[in-house]
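Structural features, examined
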Amino acid sequence: MDHTITEPRHIAVVGAGIAGLSCATALQHSGYRVSVFDKARQSAGRMSTRRGDGWQCDHGARFFTAEHPGFRAELARWERAGVAAPWYPAVRRFGADGSSASVAPAERYVGTPGMSAPAAWLAAALAVHTEQAVSALARDAHRWRLLGQGAALPASRFDALVLALPAPQAAALLRDAAPRHAALAASVTMQPCWAVLLQYPAPLALGFDAAELEGGPLCWVARDSAKPGRDGGESWVLHASAEWSEAHIDADPDAVAAQLLAAFAALGAPLPSAWRAHRWRYAGAAPARTDGCIWDEGNGIGLCGDWLNGGTVEAAWLSGRQLAHRIASC
């Protein structure tokens, strides 16, 4: 009798945002061994929360929605785990012509107690290696190796590779290892976004919890401390429009904050007690592709992310899940 034990295929997922975590979770449930790598200190990608002494603020994804049955089922899991909840802000829209109107209520969700909570919850069940920047890829004997700053990363030979990264970062890694996929990723234009996080000593009386803006540097402002499950003092986040952010991509953070604070002041806001600026170089695709995901069975390489599937948190999760299903069906 043959008592040989077959080891499960080992798959590397590069990128611990919601697409990578979704893919890794589904692969692990299908019996694969999965290792996730991310250059950041924690999992989340653009579903990030910045924390400090007595305050916190979501400076990436503003909120998310859920329409697909699969993602609605996942959201229900997040809600049962206490890492997501519905958010019902009072929203106003300020037009470029100076008009102002209330926005009809809509179904919105956020992570609790911060936007990064769903990612942290998913990552807790996975082998996630943070602060591990992958600088190059190599393939030998039908297996992939990940290199970081010229050295092999832990457990560095993998049967398949998933890149759950913004398109330009995926293109850079694939340039030598998989030129065809690199060209596809390089064809995608991703837009930046400047975010400014604000602290106040007391709640602001602006008449809204969030606002959509047209015609100026800002496209979104929100009272982050009004989201469910938040602790700490009054905090707001300002997001610049993609066009303005692109025009000021290399601007000094102080200059960026000054202009965005001036635009916020035009809505009646006073100067904050403290602020922090953050530049998202790859905030979203313009436009996003509709492939869903990319899977090259012959070379054992896959791509997933919101840039392949519509550009939202839901799109990112669905992209990762779709890729996992394609890999498992091989």
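Please refer to the structure placed before this passage.
What comes next is a walk through the structure.

The rules behind each value
Residues numbered from 1 in each chain as written. Predicted model: local features only at pLDDT ≥ 70, side-chain atom pairs only at ≥ 80, totals over all residues. Heavy atoms only, no water. Helix = DSSP H or I, 4+ residues; strand = E, 2+ residues; numbered from the N terminus. Contact = heavy atoms within 4.5 Å. Phe/Tyr/Trp six-rings, centres within 6.5 Å; stacked < 30°, edge-to-face > 60°. Buried < 20%, exposed > 50% of the residue type's maximum accessible area, 1.4 Å probe, protein only. Lys NZ or Arg CZ within 6 Å of the ring centre and 35° of its normal. Pairing = 2+ DSSP bridges. Axes fitted to C-alpha atoms, helices over the stretch in contact; angles between N-to-C directions. Parallel < 35°, antiparallel > 145°, perpendicular 65-115°, else oblique. Nonpolar A, V, L, I, M, F, W, Y, C, P; charged D, E, K, R; others polar. Salt bridge = Lys/Arg side-chain N within 4 Å of Asp/Glu carboxyl O. Polar contact = N/O pair within 3.5 Å; in protein donor to acceptor, adjacent residues only side chain to side chain.

1. Notes on the environment of Pro-217
- Here Pro-217 lies in the loop between strand S15 (210-213) and strand S16 (218-223).
- Not counting residues up to four positions away in its chain, the partners in contact with Pro-217 are His-239, Ala-240, Ser-241, Trp-244, Gln-259, Leu-260 and Ala-263.

2. Observations concerning the packing of aromatic side chains
- Counting across every chain of the model gives 11 aromatic pairs.
- Their ring planes at 25 degrees and their centres at 6.2 Å tell us that Phe-64 and Tyr-109 sit as a pair that is stacked. Of the two residues, Phe-64 is situated in the loop between strand S4 (55-58) and helix H2 (69-81) and Tyr-109 in strand S8 (residues 108-111); the sequence distance between them amounts to 45 residues. The same class applies to Phe-64 and to Tyr-109, which are both buried.
- Where Phe-94 meets Phe-208, the ring centres are 5.7 Å apart and the plane angle is 70 degrees; that geometry is what we call edge-to-face. Separated by 114 residues along the polypeptide, Phe-94 in strand S6 (residues 91-94) and Phe-208 in the loop between strand S14 (190-200) and S15 bring together distant segments of the chain. Per residue, the accessibility class of Phe-94 equals that of Phe-208, and both read buried.
- In textbook terms, an aromatic cluster arises when at least three aromatic residues are bridged by ring pairs, as seen for Phe-64, Phe-71, Trp-78, Tyr-109 and Trp-317.
- The ring centre of Phe-63 lies 5.0 Å from the NZ or CZ of Arg-108, which sits over that ring.
- One cation-aromatic arrangement involves Lys-227 over Trp-87; the distance from NZ or CZ to the ring centre is 5.2 Å.

3. Remarks on the sheet that holds strand S7 (residues 100-102)
- Read from one edge of the open sheet, seven strands run S7-S6-S15-S16-S17-S14-S18, paired in mixed fashion. Both outer strands of the open sheet, S7 and strand S18 (274-285), are each paired with one neighbouring strand and no more. Each neighbouring strand pair of the sheet contributes to a mean axis angle of 20 degrees, computed without reference to strand direction.
- Set on the sheet, helix H7 (residues 253-265) makes contact with S14, S16, strand S17 (234-240) and S18; between it and S14 the angle comes to about 70 degrees.

4. With respect to the packing of H2 against helix H8 (residues 313-328)
- Following both chains from N to C, one finds H2 and H8 inclined at 105 degrees, their axes separated by 10 Å at the closest point. The orientation of H2 relative to H8 falls into the category roughly perpendicular. Counted together, Gly-70, Phe-71, Glu-74 and Trp-78 of H2 and Val-313, Glu-314, Trp-317 and Leu-318 of H8 form the full contact between these two elements.
- Looking at the contact of H2 with H8 residue by residue, the class counts come to five nonpolar, one polar and two charged.

5. Here's the deal with the pattern of salt bridges
- Counted by the stated rule, this structure contains 16 salt bridges.
- The shortest N-O distance in the salt bridge between Glu-234 and Arg-223 comes to 2.5 Å. Here Arg-223 lies in strand S16 and Glu-234 lies in strand S17, a separation of 11 residues in the sequence.
- By relative accessible area, Glu-234 is classed as buried at 9%.
- Notably, a salt bridge pairs Asp-250 with Arg-281, separated by 3.8 Å at the nearest N-O pair. Remark: Arg-281 occurs in strand S18 and Asp-250 occurs in the loop between helix H6 (242-247) and H7; sequence separation between them is 31 residues.
- A relative accessible area of 36% places Arg-281 in the partly exposed class.

6. Some points on the side chain of Lys-227
- Note on placement: Lys-227 falls in the loop between S16 and S17.
- Residue class for Lys-227 comes out buried when judged on its relative accessible area of 4%.
- For Lys-227, the side chain forms a polar contact with the side chain of Asp-58, separated by 3.1 Å.
- Of note is the side chain of Lys-227, whose polar atom sits 3.1 Å from the side chain of Asp-224.

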